[in-house]
There are 2 protein chains.
Amino acid sequence: MNQPCHQHAIPRRLVQQPLSELTDRLRARSRKVTGQREAILDVLRRHANPLTNREIHAALRGSGCDLATIYRTMHTLLGMGVVRRCDFGDGVARFELATGDAHHHHLVCRACGMVVEVDDCFPAALEEAIARRHGFVGIAHRLEFFGVCPRCQDPEPGPPKAP
Amino acid sequence: MNQPCHQHAIPRRLVQQPLSELTDRLRARSRKVTGQREAILDVLRRHANPLTNREIHAALRGSGCDLATIYRTMHTLLGMGVVRRCDFGDGVARFELATGDAHHHHLVCRACGMVVEVDDCFPAALEEAIARRHGFVGIAHRLEFFGVCPRCQDPEPGPPKAP
DNA sequence: GGGTTGCTTGCAAATCAATTGCAGTTGGGG
DNA sequence: CCCCAACTGCAATTGATTTGCAAGCAACCC
Ligand SMILES: [Mn+2]
Ligand SMILES: [Mn+2]
Ligand SMILES: [Zn+2]
Ligand SMILES: [Zn+2]
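On a predicted model such as this, the values are computed, not experimentally measured, just so you know. (Residues numbered from 1 in each chain as written. Chains lettered and ligands numbered in written order. Predicted model: local features only at pLDDT ≥ 70, side-chain atom pairs only at ≥ 80, totals over all residues. Heavy atoms only, no water.)

Trainee: Describe in detail the packing of helix α1 (residues 19-27) of chain B against helix α2 (residues 35-45) of chain B, supporting the description with residues and values.
Mentor: All names here are of chain B. Their axes nearest at 10 Å, the elements α1 and α2 cross at an angle of 135 degrees. Overall, the two elements α1 and α2 adopt an arrangement that is oblique. In terms of crossing hand, the pair formed by α1 and α2 is right-handed. Together, Leu-19, Leu-22, Thr-23 and Leu-26 of α1 and Arg-37, Glu-38, Leu-41, Asp-42 and Arg-45 of α2 make up the contact between the two elements. (Axes fitted to C-alpha atoms, helices over the stretch in contact; angles between N-to-C directions. Helix = DSSP H or I, 4+ residues; strand = E, 2+ residues; numbered from the N terminus. Parallel < 35°, antiparallel > 145°, perpendicular 65-115°, else oblique. Left-handed = near helix turned anticlockwise from the far one by under 90°. Contact = heavy atoms within 4.5 Å.)

Trainee: Give me the sheet that holds strand β1 (residues 51-52) of chain B: which residues, what numbers.
Mentor: All names here are of chain B. One open sheet holds the 3 strands; their spatial order is β1-β3-β2, and the pairing between them is antiparallel. Each edge of the sheet is formed by a strand with only one pairing partner; in this case those strands are β1 and β2 (83-87). Where β1 lies against strand β3 (residues 93-97), 2 bridges are found, and the strand directions are antiparallel. Residue pairing in the sheet places Thr-52 in a bridge with Arg-94 of β3. Contacting β1, β2 and β3, α2 runs over the sheet at an angle of about 85 degrees to β3. (Pairing = 2+ DSSP bridges.)

Trainee: Hey, could you go over the relation of the copies chain A and chain B for me, with residue numbers and the actual values?
Mentor: Turning chain A through 179 degrees and shifting it by 0.0 Å along the axis lays it on chain B, with an RMSD of 0.1 Å. Interpreted geometrically, this transformation is the action of a two-fold axis. Residues of chain A ranked by C-alpha distance from the rotation axis are headed by Leu-143 of chain A, positioned 2.2 Å from it. Both copies contact each other with a shared surface, as 100% of the interface residues of chain A are interface residues in chain B too. (Least-squares fit on C-alpha atoms with pLDDT ≥ 70 in both.)

Trainee: Describe the protein's contact with DNA strand C, naming the residues involved and giving the relevant values.
Mentor: Surveying the vicinity of DNA strand C reveals 22 residues, the closest of which are Tyr-71 of chain A together with Lys-32, Thr-34, Arg-37 and Thr-69 of chain B. The sugar and phosphate moieties of DNA strand C supply 66% of its atoms located within 4 Å of the protein. Here Lys-32 of chain A contributes a side-chain N or O atom positioned 3.0 Å from a base nitrogen of DNA strand C. Here Val-33 of chain A contributes a backbone N or O atom positioned 3.2 Å from a phosphate oxygen of DNA strand C. Every element with two or more residues in the surface near DNA strand C is listed here: α4 (67-80) of chain A together with α2 and α4 (67-80) of chain B. (Near = heavy atom within 4 Å. Polar contact = N/O pair within 3.5 Å; in protein donor to acceptor, adjacent residues only side chain to side chain.)

Below, the structure is given as structure tokens:
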């Protein structure tokens, strides 16, 4: 898991959310729409994959926004449900715009770090059975898949790839 | 997630592994069986839940074993497949003895941190379908459940519980 | 049993992600 | 245009985990 994000491809599910819609959600809670926040939200909008705060900071190279501000902003957006945090087990938090209601999971390449969105989810019936069996309420889950992507499988030449 | 481990109950699935069997696996790889490693393995053997390095260190209060040594030992044991690491999303790694072949998952109480072992797993057929769909190989998953345990649900009196 | 050697350990310093105190800015409701 | 709570940059701090290094010790060989 090295190179952060290859595919600057067209964000599959996120591109639709207009920036104005996001900023409105800020105003609605008496949060201020600052240039930094707009810039951060815009970076998230144009990326398909979850980004680390450091990656967001790098993407904002020009508009010098402090790393601490990004950390604080992500915390705020997380609390508002605007972004979602995911954890790929490398000790660094990643964020992506929350897509309406439903959550989703990821398939991460162990070699190059490429991320694929996965819509399949843990069977709801089974999850409820587990909760009931142990008397838990308000149950939720955290699920990520790991493997080796097609490009990292065959050691043939081609575009530079991670070790 | 505050109080580390309530239930010092009988380790359900781990207690069977004799310490000698574990130390033998060390010798087999030209690793040395030191007093510290035996002590660490013994702590893991007698706990049913995943423990943080700090918790292991606390459990070893008497036999003063350095925290750095515990970190290094867990890294070694992880590489040997003797222990497994799990991540409850609070930025602290937890370890438990690996149980032979099959992995398992956990149900964690958001209030008190109590951990329940969960044997249900993500449907293998679906996982394979996901891997095939995206051309990934060597696929695996990381899955944990979160909720509120029975004791933390009703605000009635009784034994002290987390806020 | 004593000696050799490479794996280990304790201790302290270094990394790294993430958080926080503080003083100076600024968005935006009035 | 004014005012003030919400923000921000910057530097210091916290907490987990890692690492350099010299001393220690288990495993192995005579
Ligand atoms: Mn995603
Ligand atoms: Mn377990
Ligand atoms: Zn799901
Ligand atoms: Zn599983």
